[in-house]
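Tertiary structure, described
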Amino acid sequence: MKRIKLVLENGDEYSGESIGVDIDHSYSLGELVFNTSMTGYQEILSDPSYCDQMVVMTYPLIGNYGVNKDDFESLTPALKGLIVRECPAEGSNWRNEYSLRELLKRFKIPGIAGVDTRELTKKIRNNGVMKAALVPENFNSQNAQAVLSKVIGTDQISRVSTKNPIHFPGSGKRVILIDFGYKKNILRSLLVRGCDVVVVPWNASLELIQSYRPEGIVMSNGPGNPKDVVEVLPVIRELQKRYPMFSICMGHQLFALANGADTEKLKFGHRGGNHPVKDLRLGKVFMSSQNHGYAVTSNSIQNSELEITQININDNTVEGLRHKSLPAFSVQYHPEACPGPEDTGWLFDDFLKTIRN
Amino acid sequence: MPVHSHLKKVLVIGSGPIVIGQAAEFDYSGTQAVKSLIEEGIEVVLVNSNPATIMTDKETAHKVYIEPLTKEFLLKIIHKEKPDGLLPTLGGQTALNLAVKLEEEGHLRRLGVQLLGCRVDTIQKAEDRKLFKNLMIEIGEPVPESRIVNELSEALEFAEEIGYPVIVRPAFTLGGTGGGIAKNRDELIIVGNSGLAASPIQQCLIERSIAGYKEIEYEVIRDSHDNCIIVCNMENIDPVGIHTGDSIVLAPSQTLSDKEYQLLRTSALKIIRSLKIEGGCNVQYALDPNSFNYYVIEVNPRVSRSSALASKATGYPIAKIAAKIAIGKTLDEIINPVTKKTYACFEPALDYVVCKIPRWPFDKFIKANRRLGTQMKATGEVMA
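Residues numbered from 1 in each chain as written. Chains lettered and ligands numbered in written order. Predicted model: local features only at pLDDT ≥ 70, side-chain atom pairs only at ≥ 80, totals over all residues. Heavy atoms only, no water.

A word on the overall build of chain A. Within chain A, the secondary structure is distributed over 10 helices and 17 strands. Rg of the C-alpha trace for chain A: 20 Å, near the compact-globule value of 21 Å for 357 residues, within the 12% margin. Dimensions of chain A, computed from C-alpha atoms along their principal axes, come out at roughly 60 × 45 × 40 Å. Residue burial in chain A is summarised as follows: out of 357 residues, 63% are buried. Restricting to contacts in chain A with at least 6 residues of sequence separation, those with at least 24 account for 73%. Accessible surface computed for chain A: about 13200 Å², of which carbon and sulfur atoms make up 48%. Here chain A holds 40 positive side-chain charges and 40 negative ones, and the gap between their average locations is 2 Å. (Helix = DSSP H or I, 4+ residues; strand = E, 2+ residues; numbered from the N terminus. Rg over C-alpha atoms; globule rule 2.2 N^0.38 Å. Buried < 20%, exposed > 50% of the residue type's maximum accessible area, 1.4 Å probe, protein only. Contact = heavy atoms within 4.5 Å. Areas by Shrake-Rupley, 256 points an atom, 1.4 Å probe, with all protein chains shown as cover. Lys, Arg positive; Asp, Glu negative; His and termini not counted. Charge placed at Lys NZ, Arg CZ, Asp CG, Glu CD.)

Right under this line is the structure:
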């Protein structure tokens, strides 16, 4: 059984079983975050929003149902490490094709099992997010701290975004999906509603987008800090004047910044499938899937062109926004689920209604 | 939304004597509910025929009646106490059946008592096998092929049509009493007769047997604003065909991918909404181990044995919250008693796994048939 070590920025070290790719003479460095989802590890580790992050799964048994050909949210996972309590060698499920351990090796993701994930989670909650590294077991503390002192870049979006536009034909409305690291189920949610979708790179110009004659724009989720891509804000401002717009997660944060509001980093983020979102118009609460380390600053909205439509009832963070005069709205969470509750899929229907009107 | 302000005094019905299928777990939930109502400033009167319970302690409710759980005694108590509301959803099937009778016969209306936590049409739609099947078909949720019968001959005829094995499910019973699987005509004659005798309305559902399917349960809560949450799901290690009370159960499910988890979750929410339940509900599914096909097997529109397990497994006090919902509070108003900072409107995410193993009394019933089936035989359980 191969061993591997997890080292935290604060000096703590955890030794465990290596369940992913061997990192014999190298290391993996990322931002340490935790996700509380009890199912959906395949979707989680293939979500491009985890680029440059190490994910601790709080649920102690990860890999129970193996890996299948369908549940990938992208075909090239970008996370830097998976940290679990226990990872079975085999899964049990009719769609199981190979084990999670096999998947980690195939995608060259390092992983560690046998660590106290509850303790790790509490540390992240108390200290806030911090850097962590997966290193070979014999790495000494000095070398480990040297690794941890490296800076994590700010170019995540450009690394996960498509380099060229891609067309997904459909017979319905033409929608441009601006790719900041999109999850496949956002695309699928549009296609299943008949949309004709063109996925464009994160920094596509206004002219390029207009050349596709869109009828609506969707801005996707993505990794990192929205303020690392401020060059897209002017494009957003122009697009929203011309086309109905629906933005998710990173898209929502960029939508807010483009319209005069501000964003901030949360202490340890929201990552899981049980976050309660209250729609202030409907007076109802929905369960949502979340994965974000940044949020729109609530009291920056009053000076903007936006209004708050939904909030998180656990901590009052902004979950939904709407433009006061333009047909543009956004949500912080993941209405496309995968993983997580399907409670808010109707937002896609609302978006299509906006296009039709 | 404020508590129904006209409710000053509520009568809670306990679950009566300890029997298989309705045992001490109902003392647990009943006690929780009584305390929950008192927290809201309500005067609580409790009736339970079983004095060997915590809920009947002097310290629990304001006033306790240790009387038979019958219509006659309930009416006497209502006449004397003049409660504003009646809460029967924490006392298992016994309490529910009693409340239905009182409501249907017009007593509650006549005496000005509001039925809380449930509606009679909801209970009927969940418990009456025919109404339930029709409702599921109406909302597009799959149920196994079945026929309602009131006579053995009808059962035999149907089994000839769809083929054996079949399951006999008696209406309005608890713990699957009187029912069972029949692999052939001879077995159906035995089980069919016992089922019809066990049902208070001489009605059974004869259903295509989906024994061998994965048995998955969801505990759901809904409030008057239509906010819904899943408290947890559970996977029975023993497949459909073995009563959940006799099965080893794990929370949360272990072999369901996220797709299957959400498929059944979405279904459970649809079901609780269609039944307009305000409070807790248990939904049981049969999931094909080799596809996404599933069937809804049973819905219990009340706190149940499984909800006690779910409560303990997740730390989410279902009975307590269900009692507050029954008097008009919504999930986003009720404070989460564990965090004290957030609300009851969330779905617990566990960072551990819970296992329940039944305990059987076969050491006492040496000659009993130990074969497990759809009729519960366990008299207790352990949880870790």
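Okay, helix H3 (residues 117-127) of chain A next. All names here are of chain A. Looking at H3, one finds that the buried residues are Thr117, Leu120, Thr121, Lys123 and Ile124. Down the axis of H3, the smallest arc covering the buried residues is 160°, so these residues share one side. In this structure, H3 carries Lys122 and Asn126 as exposed residues pointing more than 90 degrees from its buried face. One side-chain oxygen of the residue at the start of H3 lies 3.2 Å from the amide nitrogen of arginine 118, identifying that residue as aspartate 116. Backbone geometry just after H3 places glycine 128 at a positive phi near 90°. (Arc of directions from axis to C-beta. Polar contact = N/O pair within 3.5 Å; in protein donor to acceptor, adjacent residues only side chain to side chain.)

One number sums up the size of the largest pocket: a volume of about 1300 Å³. Along the walls of the largest pocket sit 36 residues, with Thr36(A), Arg125(A), Asn274(A), Asn314(A) and Thr339(B) positioned nearest its centre. Elements represented by at least two residues in the lining of the largest pocket include exactly H3 and strand S13 (263-279) of chain A. Ranked by residue count, the leading element in the lining of the largest pocket is S13(A), at eight residues. (1 Å grid on protein atoms, 1.4 Å probe; cavity = no way out; pocket = protein on both sides within 12 Å on 5 of 7 lines; lining within 4 Å. Points joined across faces, edges and corners; volume = space filled by probe spheres on them.)

Below, the discussion takes up the interface of chain B and chain A. The interface of chain B with chain A comprises 36 residues on the first partner and 32 residues on the second. Each partner contributes to the roughly 2900 Å² buried at the junction of chain B and chain A, and carbon and sulfur atoms together form 49% of this total. Of all residues in chain B, Asp258(B), Lys259(B) and Asp351(B) bury the most surface against chain A, accounting for 19% of the area lost on that side. Across the chain B-chain A interface, the total number found is six salt bridges. Measuring nitrogen to oxygen at the nearest pair gives 2.8 Å for the salt bridge that ties Asp343(A) to Arg265(B). (Buried area = accessible area lost by both parts, 1.4 Å probe. Salt bridge = Lys/Arg side-chain N within 4 Å of Asp/Glu carboxyl O.)

Turning our attention to the pattern of salt bridges. In this structure the tally under the stated criterion is 47 salt bridges over all chains. By sharing partners, the salt bridges in this structure join Glu39(B), Glu40(B), Lys320(B), Lys324(B) and Lys329(B) into a single network.

Further remarks concern the packing of aromatic side chains. In total, this model carries 14 aromatic pairs over all chains according to the counting rule given. With a centroid separation of 4.4 Å and 25° between ring planes, the pair formed by Tyr41(A) and Tyr65(A) is classed as stacked. Highlighted residues: Tyr41(A) in helix H1 (residues 41-45) and Tyr65(A) in the loop between strand S4 (53-57) and strand S5 (81-83), separated in sequence by 24 residues. Take Tyr41(A): its relative accessible area is 3%, and that puts it in the buried class. Classification of Tyr65(A) as buried rests on a relative accessible area of 3%. By the ring-pair criterion, three or more aromatic residues cluster together here, those being Phe246(A), Phe329(A), Phe348(A) and Phe351(A). Note that Lys76(B) overlies the ring of Phe73(B), its terminal NZ or CZ placed 4.8 Å from the centroid. Lying over the aromatic face of Tyr28(B), Lys312(B) brings its terminal NZ or CZ to 4.8 Å of the ring centre. (Phe/Tyr/Trp six-rings, centres within 6.5 Å; stacked < 30°, edge-to-face > 60°. Lys NZ or Arg CZ within 6 Å of the ring centre and 35° of its normal.)

A few words on the packing of helix H2 (residues 71-81) of chain B against helix H3 (residues 92-104) of chain B. Residue and element names in this part refer to chain B. Their axes nearest at 10 Å, the elements H2 and H3 cross at an angle of 70°. Put simply, H2 runs roughly perpendicular to H3. Both H2 and H3 take part in a crossing whose hand is right-handed. Each of Lys71, Leu74, Leu75 and Ile78 in H2 lies in contact with H3, whose residues at this interface are Leu98, Lys101 and Leu102. Looking at the contact of H2 with H3 residue by residue, the class counts come to five nonpolar, no polar and two charged. (Axes fitted to C-alpha atoms, helices over the stretch in contact; angles between N-to-C directions. Parallel < 35°, antiparallel > 145°, perpendicular 65-115°, else oblique. Left-handed = near helix turned anticlockwise from the far one by under 90°. Nonpolar A, V, L, I, M, F, W, Y, C, P; charged D, E, K, R; others polar.)

Looking now at the sheet that holds strand S6 (residues 146-149) of chain B. All names here are of chain B. As summarised here, the arrangement of the four strands in space is S6-S9-S7-S8, forming an open sheet in which the pairing is antiparallel. On the outer flanks of this sheet lie S6 and strand S8 (180-182), each paired with one strand and no other. Each strand of the sheet is rotated relative to its neighbour by a mean of 25°, with strand direction disregarded. Judged from the four bridges that link them, S6 and strand S9 (residues 204-208) form a sheet pairing that is antiparallel. Bridge pairing in S9 places isoleucine 148 opposite leucine 205. Relative to the sheet, helix H6 (residues 129-139) contacts S6, strand S7 (166-170) and S9, its axis offset from that of S6 by approximately 150°. Helix H8 (residues 185-198) contacts S6, S7, S8 and S9 of the sheet and is inclined by roughly 15° relative to S7. (Pairing = 2+ DSSP bridges.)

What follows is about the nonpolar core. Leu100(A), Tyr218(B), Ile271(B), Val283(B), Tyr285(B), Val296(B) and Val299(B) are the most contacted members of the largest nonpolar core, which has 53 residues in total. Among the elements that make up this core, the one with the highest residue count is helix H9 (residues 258-274) of chain B (six residues). Excluding residues that lie within four positions of it along the chain, Tyr285(B) makes contacts with Lys214(B), Glu215(B), Ile216(B), Tyr218(B), Leu264(B), Ser267(B), Ala268(B), Ile271(B), Tyr294(B), Tyr295(B), Val296(B) and Ile297(B). Membership of the second largest hydrophobic core comes to 43 residues, among which are Ile229(B), Ala310(B), Ile327(B) and Phe346(B). (Core = buried A, V, L, I, M, F, W, Y, C linked by side-chain atoms within 4.5 Å.)

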